[in-house]
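Descriptive analysis of the structure
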Amino acid sequence: MHIKFLVLSAVLVSTLSGCLENDAQRAAAGAVAGGVIAGATNNNVATGAVIGGVAGALCGSAGLPACQ
């Protein structure tokens, strides 16, 4: 039950990370999502947070559309 909640939270944070205003906010949201997903899947939380943070920071540079 807790794992489902953590995964759902991570999905919600991940989808909202594109709506944030700047790279730092997207990086923070990505780091949280990455850490939660890593924890829920029994992987290294720190590694997941780093990967999520980098992905969040770079998603605006990748040409992804901003939220309207």
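Residues numbered from 1 in each chain as written. Predicted model: local features only at pLDDT ≥ 70, side-chain atom pairs only at ≥ 80, totals over all residues. Heavy atoms only, no water.

Below, the discussion takes up the environment of Val-45. When you line up the elements, Val-45 lands in helix α3 (residues 45–58). Through-space distance from the C-alpha of Val-45 to that of Gly-35 is 4.7 Å; in sequence the pair is 10 residues apart. Each residue touching Val-45, except ones within four places of it in the same chain, is listed here: Gly-35, Ala-38 and Gly-39. (Helix = DSSP H or I, 4+ residues; strand = E, 2+ residues; numbered from the N terminus. Contact = heavy atoms within 4.5 Å.)

With that out of the way, let us pick up the confidence of the model for the protein chain. Summing up the model confidence of the protein chain, the mean pLDDT is 75 and the portion of residues at 70 or higher is 59%. Highest mean pLDDT in the protein chain belongs to α3 (87); lowest belongs to helix α1 (residues 2–16) (64). (pLDDT = per-residue confidence, 0-100.)

Before going further, it helps to spend a moment on α3. An ideal rise of 1.5 Å per residue puts 20 Å on 14 residues; α3 measures up with 20 Å between its terminal C-alpha atoms. For α3, the full list of buried residues reads Gly-48, Gly-52, Gly-53 and Gly-56. Each buried residue of α3 lies within a common arc of 130° when the element is viewed along its axis, so the set occupies one face. Projecting away from the buried face of α3 at angles above 90 degrees are the exposed residues Ala-46, Val-50, Ile-51 and Leu-58. Regarding α3, its N-cap is Asn-44, as a side-chain oxygen of that residue lies 2.9 Å from the backbone nitrogen of Ala-46 further along. (Expected span 1.5 Å × (residues − 1). Buried < 20%, exposed > 50% of the residue type's maximum accessible area, 1.4 Å probe, protein only. Arc of directions from axis to C-beta. Polar contact = N/O pair within 3.5 Å; in protein donor to acceptor, adjacent residues only side chain to side chain.)

Here the focus is the environment of Gly-39. Locating Gly-39 in the fold gives a position in helix α2 (residues 23–40). Since its relative accessible area comes to 33%, Gly-39 is described here as partly exposed. Placed 10 residues apart in sequence, Gly-39 and Ala-49 show a C-alpha to C-alpha distance of 9.7 Å.

On to the pattern of salt bridges, then. Enumeration over the complete set of coordinates arrives at 1 salt bridge. Note that Arg-26 is salt-bridged to Asp-23, the shortest N-O span being 2.6 Å. Residue Arg-26 and its partner Asp-23 are both found in helix α2; the two are separated by 3 residues, about one turn of the helix. (Salt bridge = Lys/Arg side-chain N within 4 Å of Asp/Glu carboxyl O.)

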